[in-house]
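One-letter residues, chain by chain:
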Amino acid sequence: MTTDQETSMSVTETGATIWLTGLPSAGKTTIAYDLAGRLRGEGHRVEVLDGDEIREFLSAGLGFSREDRHTNVQRIGFVAELLAANGVKVLVPVIAPYADSRDAVRKRHQAEGTAYLEVHVATPVEVCSVRDVKGLYAKQAAGEISGLTGVDDPYEAPESPDLRIESHQQTVQESAAELYALLSERGAA
C-alpha cells in the first residue's frame with residue numbers, strides 16, 4: 001500500500017442524518033437534492049433517502065394508517081442511522097407527520113452516538129396546495145383521496161427543530177444554504 005492510499009484510508013468522514021420534515025409539497029426533497037449536490041461537489045459521501053422511493057422499495061405494502069406511517073419512519077430512521085454511522089451525510093426528506101415517530105428516530109441516533117439534525121420545512125398548507133407537486137391536494141379536494149397530511153390527517157410540527165426553513169419566503173438555493181450553514185456550524189459539512 002502506498003502512502004497516499006494509507007492516508008486516504010485513514011481519513012474518516014463524519015456522517016450525520018439530516019431529517020427534513022414538512023407537509024407534502026413543502027420543498028423538502030428539492031432542498032435536499034440541492035444541498036446534496038453541493039456536498040458531493042465538496043467530496044462528501046451523501047445519500048438522499050427520498051420518502052417516495054422508500055415507500056416504493058423499502059416500505060411497499062404499508063398503508064397510511066398511523067401505525068404504518070410509524071413503521072415507515074422507523075425503517076427510514078434505521079437505514080439513515082446505519083449510513084450516517086458509516087460516514088455518510090444522509091438527507092431524509094420525509095413527511096414523518098408524528099412527533100413520537102421522529103423522536104424515536106432521534107433517540108436511536110443518540111443511543112448510537114450518531115449526529116442527527118431535525119429540519120422543519122415550514123411551508124404553510126395554503127402554499128403547499130398551490131404548489132401541489134404530485135396533485136395530492138387536488139385529489140383530496142375532489143374527494144379522490146383522504147388522509148392527506150395537514151389537510152384531513154394530522155401533521156405534528158416539530159416544537160424545537162434544529163432549523164426551521166421558511167421555504168415559501170426564499171429560493172431553494174437560499175434554503176439549502178441556510179441548512180449548509182447549520183451543518184458547518186455543527187461540524188458536519
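Keep in mind the model is a prediction, meaning the values are calculated, not measured.

S.K.: Help me get a handle on the pairing of strand β3 (residues 89-93), residues and values and all.
M.R.: With five of its five residues buried, β3 lies for the most part within the structure. Burial of β3 is two-sided: the residues Lys89, Leu91 and Pro93 facing one way and the residues Val90 and Val92 facing the other way are all buried. Two strands pair when backbone bridges link them, and strand β1 (residues 16-21) and β3 are joined in this way by five bridges, in the parallel orientation. Its bridge partner lying in β3, Trp19 is registered against Val92. Pairing between strand β2 (residues 46-48) and β3: three bridges, direction parallel. Looking across to β3, one finds that Val48 is bridged to Leu91.

S.K.: Can you break down helix α2 (residues 28-41) residue by residue, with the values?
M.R.: Over its 14 residues, α2 runs 20 Å from end to end, which matches the ideal 20 Å to within 8%, given 1.5 Å per residue. Here α2 has its buried residues at Lys28, Ile31, Ala32, Leu35, Ala36 and Leu39. Seen end-on, α2 carries its buried residues on one side only, within an arc spanning 135 degrees. Count one or two residues on from α2 and you reach Gly43, which has phi positive near 95 degrees.

S.K.: Now, about the pairing of β1: what can you tell me, with residues and values included?
M.R.: Of all six residues in β1, six are buried; the element is thus mostly enclosed. Burial along β1 is two-sided: Ala16, Ile18 and Leu20 facing one way and Thr17, Trp19 and Thr21 facing the other are all buried. Bridge count between β1 and strand β4 (residues 116-121): five bridges; the pairing is parallel. Paired with Ile18 across the two strands is Leu117, which belongs to β4.

Basis of the calculations
- Residues numbered from 1 in each chain as written.
- Predicted model: local features only at pLDDT ≥ 70, side-chain atom pairs only at ≥ 80, totals over all residues.
- Heavy atoms only, no water.
- Buried < 20%, exposed > 50% of the residue type's maximum accessible area, 1.4 Å probe, protein only.
- Helix = DSSP H or I, 4+ residues; strand = E, 2+ residues; numbered from the N terminus.
- Pairing = 2+ DSSP bridges.
- Expected span 1.5 Å × (residues − 1).
- Arc of directions from axis to C-beta.

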